[in-house]
Amino acid sequence: MEITISVIKADIGGYVGHSSSHPDVVEKGRQKLISAQSEGLLTDHHVTVCGDDLQLIMTHQKGTDNEQIHKLAWDTFVECTAVAKSLKLHGAGQDLLSEAFSGNVRGMGPGIAEMQFSEREAETIIIFMADKTSSGAWNLPLYKMFADPFNTIGLVIASNMHSGFAFEVHDVKESKKIRFNAPEEIYDMLVYLGAPSRYAVKAVYHKESGEIAAVSSTEKLSLMAGRYVGKDDPVCVVRSQGKFPAVGEILEPFSFPHIVEGWMRGSHNGPLMPVACGQSNPCRFDGPPRVVAAGFQLANGKLVGPRDLFDDPAFDEARHQANILADFLRRMGPFEPHRLPLEEMEYTTMPEVARKLESRFEDI
Ligand code: F6R
Ligand code: MG
Ligand code: MG
């Protein structure tokens, strides 16, 4: 059975501040998707949140980039924004950059990760959702999952994974894409993946079968808006088991709270802390950045789950290390590398300050 999974998300209002989401907004989202499912547009759905981002997880048979599905997501965000406005939530409607829907939500503010595949006898999927960070945040974990034998032993000892995976990498500033084969081209590929503010892994494919293994949202909110409106707070869908990495191999990279950009005012580097869904409420200095993992089995397109995969004491140490890193970095205050480098501050308050002081700079 061919099935499409669409994860479309947006920050349409925070409660309190940018720290979390209000239950009434989530409830509105649920009602919208319940009625879309009863009308036959969706096979199944799950509405959840990560921090201040509303996450619409939908399964259907309409394929990727489908106008009806994107319109449903857009209309849901618009109606949820109305609830957010009535409660005077913070930044109500902040990610909806356009007044009207024009066929596809790409480029309109929300983040999108969609994949179509033929459902296997047992189809295990994990949906990662992050808050207070940007779209390149998945580069390091996706590399580890699909190309690093020290993380994924299946690459070495499972014959159906031994030929490796292909990575589709997007240059988010120049709107170009390139495909790398792993393991043959990992040295070339890492030149780009190591610069996640510009290059982001869009998708991963099983090399031998060509089947899609992972897809992420690579939308850059600041590049769409031309100014700072909020961070991308990206999502990523990963297929698991069989010819794809096992659940444990997919979660393993997050035992290391790697440093990502985002956090306070989207202008800082900080550790990505893996947390249970109920803990995705970034408060300390509006962070540190969070990631949650929702695991599902698919049954003819029905979402069986979720299992809250980081709700596990095995990730306590990663959370502890993230807190130590957070303390360490915070002590640097407004200094790099806690604060982002100048080029990355292009879409924050920096240009205003620079404009104001321009005439006071003298030649040396
Ligand atoms: C980061 C984020 C927050 C806000 C900060 C200021 O992505 O959303 O750190 O940037 O709370 O928010 P405003 O400008 O809305 O008062
Ligand atoms: Mg927000
Ligand atoms: Mg957010």
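Our subject is the structure listed above.
This text gives an overview of the structure that appears in the document.

What counts, and where the lines are drawn
Residues numbered from 1 in each chain as written. Chains lettered and ligands numbered in written order. Predicted model: local features only at pLDDT ≥ 70, side-chain atom pairs only at ≥ 80, totals over all residues. Heavy atoms only, no water. Salt bridge = Lys/Arg side-chain N within 4 Å of Asp/Glu carboxyl O. Helix = DSSP H or I, 4+ residues; strand = E, 2+ residues; numbered from the N terminus. Buried < 20%, exposed > 50% of the residue type's maximum accessible area, 1.4 Å probe, protein only. Core = buried A, V, L, I, M, F, W, Y, C linked by side-chain atoms within 4.5 Å. Contact = heavy atoms within 4.5 Å. Donors = N, O, S within 2.8 Å, 3.2 Å for Na, K, Ca; no water.

1. Focus: the pattern of salt bridges
Counted by the stated rule, this structure contains 22 salt bridges. With a shortest N-O distance of 3.9 Å, Arg30 and Glu27 are connected by a salt bridge. Taken together, the positions of Arg30 and Glu27, both in helix H1 (residues 23-38) and three residues apart, correspond to about one turn of that helix. Among the residues examined, Arg30 registers a relative accessible area of 35% and is labelled partly exposed. Notably, a salt bridge pairs Asp131 with Lys132, separated by 3.0 Å at the nearest N-O pair. The network of salt bridges with common partners includes Arg120, Glu123, Glu211, Arg239 and Lys243.

2. A closer look at the nonpolar core
Counting residues in hydrophobic clusters, the biggest one holds 38 residues, and the most contacted among them are Phe128, Leu142, Phe146, Phe165, Phe167, Val238 and Phe254. Looking at which element gives the most residues to this core, the answer is helix H3 (residues 139-147), with five residues. Residues contacting Leu142, with those up to four places away along its chain left out, are Ala147, Phe167, Val201, Ala214, Cys236 and Val238. By size, the runner-up hydrophobic cluster in this structure holds 28 residues, among which are Val25, Ala36, Leu42 and Ala73.

3. Remarks on the coordination of the magnesium ion (ligand 3)
Tetrahedral coordination by four donors places them ideally at 109.5 degrees to one another around the metal; octahedral coordination by six donors ideally gives 90 or 180 degrees. Surrounding the magnesium ion (ligand 3) are the protein donor atoms Asp52 (OD), Asp53 (OD), Asp131 (OD) and Asp233 (OD), which sit 2.0 to 2.2 Å from the metal. Coordination of the magnesium ion (ligand 3) draws on donor residues from a single chain, spaced D-D-x77-D-x101-D in sequence. Taken as a pair, the magnesium ion (ligand 3) and the magnesium ion (ligand 2) show a spacing of 4.4 Å, with Asp52 coordinating each metal. Of the two residues, Asp131 sits in strand S5 (residues 123-131) while Asp233 sits in the loop between helix H6 (221-225) and strand S10 (235-240), which places them 102 residues apart along the sequence. For Asp131, a relative accessible area of 0% gives the class buried.

Function cannot be inferred from these measures alone, as they are strictly geometric.
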